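Descriptive structure summary
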Number of protein chains: 2
Amino acid sequence: MPKVGIVLSGSGYLDGAEIQESVLTMLALDRAGAEMIYMAPDIDQLHVVNHQTGKEVEGASRNVLVESARITRGNVHAIGTINSDDLDALIFPGGFGVAKNLCDYAMVGADCQVDPVIENLAIKMHNAGKPIGVMCIAPAMMARILGNQGLKSDLTIGSDEGTANDINTMGGNHITCSVREIVVDKENKVVSTPAYMEAQCISEAADGIEKLVSEVLALI
Amino acid sequence: MPKVGIVLSGSGYLDGAEIQESVLTMLALDRAGAEMIYMAPDIDQLHVVNHQTGKEVEGASRNVLVESARITRGNVHAIGTINSDDLDALIFPGGFGVAKNLCDYAMVGADCQVDPVIENLAIKMHNAGKPIGVMCIAPAMMARILGNQGLKSDLTIGSDEGTANDINTMGGNHITCSVREIVVDKENKVVSTPAYMEAQCISEAADGIEKLVSEVLALI
């Protein structure tokens, strides 16, 4: 039974992890017989957004780890306590939480920095030849992580020109991809899919995520 | 394209809607080609629970409608604005939110009262011969709603004896059911599945929810 780490960044796409992408990832992994290890940073979110209005809630504060536990029904590990030796693969669902809580891409773009604990875990996984799956905006963070190592990885966020350019600026090789498909970098063992960077409905995101999970497991 | 209302009760199974059940319902409906209309009461949650510790957060307050929008990426209607004439079917995902925010079953058991707006919508749907799907703890609320009309409906929450007895006390007919299966009351057009009342993993809940959605659509 392969052990797959899922890195969450809160609960709700405007200030945390994209909930639907997270659940679809869990469903595909569970149906494939994988064991899931949930993790998230034990830090405050950048901010809290009212998902009904889209507006920031002034003065509100929520913890990324605590909110992530809403998706998983508890049982989320503080990411610093997880050792790459205990994982066979790693998957990052998307949502603005990736670009606001795991790194600062939402604020500074291609000059972004990644939370050192997350960057360290991802590099250790890569160096051990273990596959990493990234969806939605997470491929931008992965371009930064791999680019910092001088690695040029094939990645997709779909077709958004600005984000695609940023990925190339950070050292990645962006490949345009439709929402139900994936881009596979076999050499670096990185798999990506656009998910809600492109999806107009949940089944579009699900098709790409199911392919991503299948390919990540095949690369173990 | 059938129009199916999904009634949410927050976001997180300890104080709101069960997130995984909600997303699995959306996925099954979308793949079946249904149009989804999301709705939730515009009220404060009973309370806020830290899902990492399971403990209540003293002094915290969240709105059911606003939190529900995290699951659906916005676009949730205040339930009082929805007319049963605009729906072909209605589905209630579970989670403690059903028993805490939509009715008071979690506090008072079989003597519970249901939010009048929700009870009214469910009765209008039933009287119009439109199917209703209920999962997890929502069948207990449905027993109260139908029992108040003198209707005895076949329902399941799985095998939990206390809840099953309550369903019978409220006028329902509880039928024991395994997690991957459904109970169908063709006369009353009510479909139920245990979901996370029984599920040990997401794929178990998914199998039952997919069958529930399929049967609800078949009953339209």
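Residues numbered from 1 in each chain as written. Chains lettered and ligands numbered in written order. Predicted model: local features only at pLDDT ≥ 70, side-chain atom pairs only at ≥ 80, totals over all residues. Heavy atoms only, no water.

If you walk through the whole model with that rule in mind, you get zero aromatic pairs over all chains. Lying across the ring of A:Phe96, A:Lys100 places its NZ or CZ 4.8 Å from the centre. (Phe/Tyr/Trp six-rings, centres within 6.5 Å; stacked < 30°, edge-to-face > 60°. Lys NZ or Arg CZ within 6 Å of the ring centre and 35° of its normal.)

Residues and elements named next belong to chain A. With 17 residues, helix 8 (residues 202-218) should cover 24 Å at 1.5 Å per step; its first-to-last C-alpha distance of 24 Å lies within 8% of that length. For helix 8, a buried count of 12 out of 17 residues is recorded, marking the element as mostly surrounded by other parts of the structure. Looking at helix 8, one finds that the buried residues are Ile202, Ser203, Glu204, Ala205, Ala206, Gly208, Ile209, Leu212, Val213, Glu215, Val216 and Leu217. (Helix = DSSP H or I, 4+ residues; strand = E, 2+ residues; numbered from the N terminus. Expected span 1.5 Å × (residues − 1). Buried < 20%, exposed > 50% of the residue type's maximum accessible area, 1.4 Å probe, protein only.)

Residues and elements named next belong to chain B. One non-glycine residue with positive phi stands out, namely Arg73, at about 65 degrees. Mapped onto the elements of the fold, Arg73 is located in the loop between helix 2 (64-72) and strand 3 (76-78). Residues other than glycine seldom take positive phi values, yet Cys136 does so here, at roughly 60 degrees.

With that out of the way, let us pick up the sheet that holds strand 5 (residues 132-135) of chain A. Residue and element names in this part refer to chain A. Reading across from one edge, 3-2-1-4-5-9-8 is the order of the seven strands in this open sheet, with mixed pairing throughout. What marks the edges here is a single partner per strand, and that holds for strand 3 (76-78) and strand 8 (183-185). Each adjacent strand pair in this sheet contributes to an overall mean axis angle of 25 degrees, direction not counted. Sheet topology places strand 4 (residues 89-92) next to strand 5; three bridges connect them, and they run parallel. By the bridge assignment for strand 5, Phe92 is matched with Val134. Each of strand 2 (35-40), strand 4 and strand 5 touches helix 5 (residues 116-127); the most contacted strand, strand 4, lies at about 135 degrees to it. (Pairing = 2+ DSSP bridges. Axes fitted to C-alpha atoms, helices over the stretch in contact; angles between N-to-C directions. Contact = heavy atoms within 4.5 Å.)

Before going further, it helps to examine the relation of the copies chain B and chain A. Under the fitted operation, chain B is carried onto chain A by 0.0 Å of movement along the axis and a turn of 180 degrees, and the coordinates agree to an RMSD of 0.0 Å. Here the copies are linked by what is in effect a two-fold axis. Among all residues of chain B, the one whose C-alpha sits closest to the rotation axis is B:Val23, at a distance of 3.5 Å. Mapped onto chain A, 100% of the interface residues of chain B are again interface residues, and the two copies thus contact each other with one and the same surface. (Least-squares fit on C-alpha atoms with pLDDT ≥ 70 in both.)

Attention now moves to the interface of chain B and chain A. Many authors give the size of an interface as the accessible area that is lost as the parts come together. Contacts between the two partners involve 37 residues from chain B, matched on the other side by 37 residues from chain A. Together, the buried faces of chain B and chain A total about 3,300 Å²; carbon and sulfur atoms form 51% of this surface. Looking at the side of chain B facing chain A, the largest losses of area belong to B:Gln52, B:Arg70 and B:Arg73, adding up to 26% of the total buried there. In this assembly, chain B and chain A are joined by 10 salt bridges. At the junction of chain B with chain A, the criterion picks out 22 residue pairs in polar contact (both at pLDDT 80 or more). Looking at which element gives the most residues to the side of chain B that touches chain A, the answer is helix 1 (residues 19-31) of chain B, with eight residues. (Buried area = accessible area lost by both parts, 1.4 Å probe. Salt bridge = Lys/Arg side-chain N within 4 Å of Asp/Glu carboxyl O. Polar contact = N/O pair within 3.5 Å; in protein donor to acceptor, adjacent residues only side chain to side chain.)

As a further point, take the nonpolar core. Core analysis: the biggest nonpolar cluster contains 76 residues, and A:Leu29, A:Ile91, A:Val213, B:Leu29, B:Ile91 and B:Val213 have the highest contact counts within it. Not counting residues up to four positions away in its chain, the partners in contact with A:Ile91 are A:Val4, A:Gly5, A:Ile6, A:Val7, A:Thr25, A:Leu29, A:Gly133, A:Met135, A:Leu212, A:Val213 and A:Val216. (Core = buried A, V, L, I, M, F, W, Y, C linked by side-chain atoms within 4.5 Å.)

The subject of this paragraph is the pattern of salt bridges. Close approach of charged atoms allows side chains with opposite charge to pair. Applying the stated rule across the entire model yields 18 salt bridges over all chains. Of the charged contacts, one joins A:Asp15 and B:Arg70 as a salt bridge, the two residues approaching to 2.8 Å between their closest N and O atoms. Of this pair, A:Asp15 sits in the loop between strand 1 (3-7) and helix 1 (19-31) while B:Arg70 sits in helix 2, placing the two residues on different chains. Its relative accessible area of 1% is what places A:Asp15 among the buried residues. We classify B:Arg70 as buried; its relative accessible area is 4%. Between A:Lys211 and A:Glu181 there is a salt bridge; the shortest N-O distance is 2.8 Å. Of this pair, A:Lys211 sits in helix 8 while A:Glu181 sits in the loop between strand 7 (173-174) and strand 8, and the two are 30 residues apart along the sequence.

Residues and elements named next belong to chain B. The sheet built from seven strands is open, its strands ordered 3-2-1-4-5-9-8 with mixed pairing. Bordering the open sheet on either side are strand 3 and strand 8 (183-185), each of which pairs with just one other strand. Sheet twist, expressed as the mean angle between neighbouring strand axes with direction ignored, is 25 degrees. Sheet strands touched by helix 5 (residues 116-127): strand 2 (35-40), strand 4 (89-92) and strand 5 (132-135). Its angle to strand 4, the strand with the most contacts, is close to 135 degrees.

On the secondary structure map, A:Met39 appears in strand 2. The residues touching A:Met39, leaving out its near neighbours within four places in the chain, are A:Gly5, A:Ile6, A:Val7, A:Leu8, A:Val76, A:His77, A:Ile79, A:Ile82, A:Leu87, A:Leu90 and A:Leu121.

Our next topic: the side chain of B:Asn188. Residues and elements named next belong to chain B. Its location among the elements puts Asn188 in the loop between strand 8 and strand 9 (190-193). Here His126 takes part through its side chain, which lies 3.2 Å from a polar atom of the side chain of Asn188. One polar contact links the side chain of Asn188 to the main-chain carbonyl oxygen of Lys152, over a distance of 3.4 Å. For Asn188, the residues in contact, after removing those within four places along its chain, are His126, Leu151, Lys152 and Ser153.

Turning our attention to the pairing of strand 1 of chain A. Residues and elements named next belong to chain A. Extensive coverage of strand 1 is indicated by the burial of four of its five residues. When strand 1 meets strand 2, the two strands line up parallel, connected through five bridges. When the bridges of strand 2 are listed, Val7 appears paired with Met39. In this fold, strand 1 hands off to helix 1, which returns the chain to strand 2; that crossover is right-handed. Bridge count for strand 1 against strand 4 is three bridges, and the pairing is parallel. Among the inter-strand pairings, Gly5 is bridged to a residue of strand 4, identified as Leu90. (Right-handed = clockwise from strand over helix to strand, strands pointing away.)

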